[in-house]
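# Notes for the structure review
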Amino acid sequence: MAKVKITQIKSRIGSPKDQKRTLDALGLTKMHKTVEHEYTPSIEGMVRKVRHLVSVEK
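Now for a quick tour of the structure. Keep in mind the model is a prediction, meaning the values are calculated, not measured.

Time to look at the overall build of the protein. When helices and strands are counted, the protein shows two helices and three strands. Beginning at the N terminus, the succession of helices and strands in the protein can be written as β-α-β-α-β. Since a compact globule built from 58 residues should have a radius of gyration of about 10 Å, the 10 Å found for the protein is in line with a globular shape. In terms of overall dimensions, the protein has a C-alpha envelope of 35 × 20 × 15 Å along the principal axes. Here the protein, with 58 residues, has 31% of them falling under the buried criterion. About 3,900 Å² of surface is accessible on the protein, with carbon and sulfur atoms providing 54% of the total. Of the charged side chains in the protein, 13 are positive and 6 negative; the average position of the first set lies 7 Å away from that of the second.

Calculation criteria
- Residues numbered from 1 in each chain as written.
- Predicted model: local features only at pLDDT ≥ 70, side-chain atom pairs only at ≥ 80, totals over all residues.
- Heavy atoms only, no water.
- Helix = DSSP H or I, 4+ residues; strand = E, 2+ residues; numbered from the N terminus.
- Rg over C-alpha atoms; globule rule 2.2 N^0.38 Å.
- Buried < 20%, exposed > 50% of the residue type's maximum accessible area, 1.4 Å probe, protein only.
- Areas by Shrake-Rupley, 256 points an atom, 1.4 Å probe, with all protein chains shown as cover.
- Lys, Arg positive; Asp, Glu negative; His and termini not counted.
- Charge placed at Lys NZ, Arg CZ, Asp CG, Glu CD.

Given below as structure tokens:
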């Protein structure tokens, strides 16, 4: 599978709890932090849920 880089670009303040938990599950705890994951269907679903808070590079 391909690797994908996910960077948090917006603050989680004011976001619903489920979106905050999704960011935690992705490993994003601070602004401008970048994590790398395999691009699986579960990661794709998490990214779609918080797409307004993150930037994705393939």
